[in-house]
Protein chains: 2
Amino acid sequence: MNYSTSEENYIKAIYHLQQEHHLVTTNALSNELDTRPASVTDMLKKLKQKKLLHYEKYKGFSLTALGNQVALGIIRRHRLWEYFLVDKLLFTWDEVHEVAEELEHVTSRKLVDRLDEFLGFPTVDPHGDPIPDKNGNIVKTRQVALPDLPLNRSAPVCSVGDQSTDMLELLRHYKIKLGTVIQIKKVFRFDNSMEVAVANQDTIIISEQVAKNLFVKYEG
Amino acid sequence: MNYSTSEENYIKAIYHLQQEHHLVTTNALSNELDTRPASVTDMLKKLKQKKLLHYEKYKGFSLTALGNQVALGIIRRHRLWEYFLVDKLLFTWDEVHEVAEELEHVTSRKLVDRLDEFLGFPTVDPHGDPIPDKNGNIVKTRQVALPDLPLNRSAPVCSVGDQSTDMLELLRHYKIKLGTVIQIKKVFRFDNSMEVAVANQDTIIISEQVAKNLFVKYEG
DNA sequence: AAATATTTTTAGATTTGTCTAAATAATTTT
DNA sequence: AAAATTATTTAGACAAATCTAAAAATATTT
């Protein structure tokens, strides 16, 4: 089956909201997609008709197994293109989203699978999010503050709590960006500072305050 | 300015038809795009309003300078993607058109220019058609039967007249495909057969009959 | 549990790109 | 040049995706 760009955007948004809150509301979706609730209702009916959604009016909705498969296909395309843009075309991580948002709607199976192969079957995109494989298998991740990451477990930085210029300056110094893979080697009891291995670099020591503001994607 | 996928498809079709016949008609366009003449008229009005087209009803139409620039942008994107698909993702020349047709509508300037650079600034696509550069400059080509190509002038094969299996079998033997660059080294007066240099291979001799059925893109 | 507030849905309109059928203009034939 | 044919345009309709305004269902407060 083939879906319109709009339908795909709804499916993707529902999938993402479902990961976070499990119960998705019409309003939340309307907010996410920047459309009016009435438009959302219209689309929900359509997606239900296409068997992508369980939906009973006023009672809520969720993706069917089919809807989930379709969502994972879209996410796979999105993240592969993001990887391509950063790895091959030398975009920075913060420039890729918009463009990938368009490229993801090109659905040729052959294109996507060949691209995957060309990129060397990457498993995470430049933001550290996992890329579903060609069968839709994906490693589930959750986001934890660095102090909650087990010792010696490597994980990519996926967001920064305090985004002040001071914090960002410090991160530049440590050469930590979004997607940088890090690992806790040791925690110092004295002040809860920790020794951290940064991918392809020297080990550094960061304060508890910094650690609390670094979030990593933790496959668990 | 930003144009819809439909608008872009019309502009591109008008550009291509203009290359061949110079005078483009509503019917020809309707035929090319597989839509009804009435729909074409509607779009012509819209494109005129957007200053992409000179158009007076019943009198004909042609692209403005702006329309031409836009067309070249689309063609640039199309051909760069075709090159990418063949060169990086190992598609064959006959598989790429459909996919490139979709990718061409992703308009990010940065994406296109970076892709161009990544590919090494190619000047022709896999079918031997020239790729406009970032300023819209393009080498004009015309299509001639091989016997009309000047001696020692290299040119890519762009189409085959007789597409019978017999002819295609022979071409497979000679290792000539669409896009293969060839060059006439000598013509034998006896039977008008000719010695032809095939890119990266031995020189071969082909009959007049074969030569007449090979068309090449000739920059002139 | 009433009253109030919020969320969701319906009803009806709008835009874009398309269509069919009919009307009009241009071209070709006789 | 009149008639016949062909090409093009107009008029009016439709589907997709959106909107606004109003109605209906659900949730919250007092």
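Scroll up to find the structure this text is about.
Residues numbered from 1 in each chain as written. Chains lettered and ligands numbered in written order. Predicted model: local features only at pLDDT ≥ 70, side-chain atom pairs only at ≥ 80, totals over all residues.

### Looking at the overall build of chain A
Looking only at helices and strands, chain A features eight helices and eight strands. Expressed along its principal axes, the backbone C-alpha trace of chain A runs to roughly 60 × 40 × 30 Å. Relative to its 220 residues, chain A shows a buried fraction of 30%. Excluding contacts between residues fewer than 6 apart, the proportion of contacts in chain A whose partners are at least 24 apart in sequence is 54%. (Helix = DSSP H or I, 4+ residues; strand = E, 2+ residues; numbered from the N terminus. Buried ≥ 20, exposed ≤ 12 C-beta atoms within 10 Å, placed from the backbone. Contact = placed C-beta atoms within 7 Å.)

### Brief notes about the protein's contact with DNA strand D
The full set close to DNA strand D counts 20 residues, and A:Ser4, A:Ala38, B:Thr25, B:Asn27 and B:Ala38 are the nearest of them. For the surface near DNA strand D, the elements supplying multiple residues, two or more each, are helix H1 (5-21) and helix H3 (37-49) of chain A together with helix H2 (26-33) and helix H3 (37-49) of chain B. Ranked by the residues each element gives to the surface near DNA strand D, the list is headed by H3(A), at five residues. Tallied by class, residues from the surface near DNA strand D come to seven nonpolar, eight polar and five charged. (Near = placed C-beta within 6 Å. Nonpolar A, V, L, I, M, F, W, Y, C, P; charged D, E, K, R; others polar.)

### Re the sheet that holds strand S5 (residues 181-187) of chain A
Residue and element names in this part refer to chain A. Judged by pairing direction, the sheet is antiparallel, and its six strands sit side by side in the order S3-S8-S4-S5-S6-S7 without closing on themselves. Strands at the two margins of the open sheet, each flanked by one partner only, are strand S3 (141-145) and strand S7 (203-206). Taken pair by pair, the neighbouring strands of this sheet meet at an average axis angle of 45°, ignoring direction. Where S5 meets strand S6 (residues 194-198), five bridges bridge the pair, whose relative direction is antiparallel. Note that in S6 the partner of Val187 across the bridge is Met194. (Pairing = 2+ DSSP bridges. Axes fitted to C-alpha atoms, helices over the stretch in contact; angles between N-to-C directions.)

### So, the relation of the copies chain B and chain A
When chain B is fitted onto chain A, the two copies agree to an RMSD of 0.2 Å after a turn of 180° and an axial shift of 0.0 Å. Such a combination of rotation and displacement between the chain copies is what one expects of a two-fold axis. Across chain B, the smallest distance between a C-alpha and the rotation axis is recorded for B:Leu103, namely 3.6 Å. Comparing interface residues between copies, 100% of those in chain B also sit at the interface in chain A, which points to an isologous, same-surface contact. (Least-squares fit on C-alpha atoms with pLDDT ≥ 70 in both.)

### Quick look at the sheet that holds strand S7 (residues 203-206) of chain B
Remark on secondary structure: sheet strands pair via backbone hydrogen bonds, oriented parallel or antiparallel. Residues and elements named next belong to chain B. Taken in spatial order, the six strands make up an open sheet running S3-S8-S4-S5-S6-S7, and their pairing is antiparallel. Here the strands that pair on one side only, and so sit at the sheet edges, are strand S3 (141-145) and S7. Across the sheet, the axes of successive neighbouring strands diverge by a mean angle of 45°, strand direction being ignored. Relative to strand S8 (residues 214-219), S3 runs antiparallel, the two being bridged by five bridges. Residue Ala145 lies in a different strand from S8, and its bridge partner there is Phe215.

### With respect to the environment of B:Arg79
Residues and elements named next belong to chain B. Take Arg79: it is sitting in helix H4 (residues 65-87). On a C-alpha basis, the gap between Arg79 and Ala197 in space is 26 Å, while along the polypeptide they are 118 residues apart. For Arg79, the residues in contact, after removing those within four places along its chain, are Asp125, Asp129 and Ile131.

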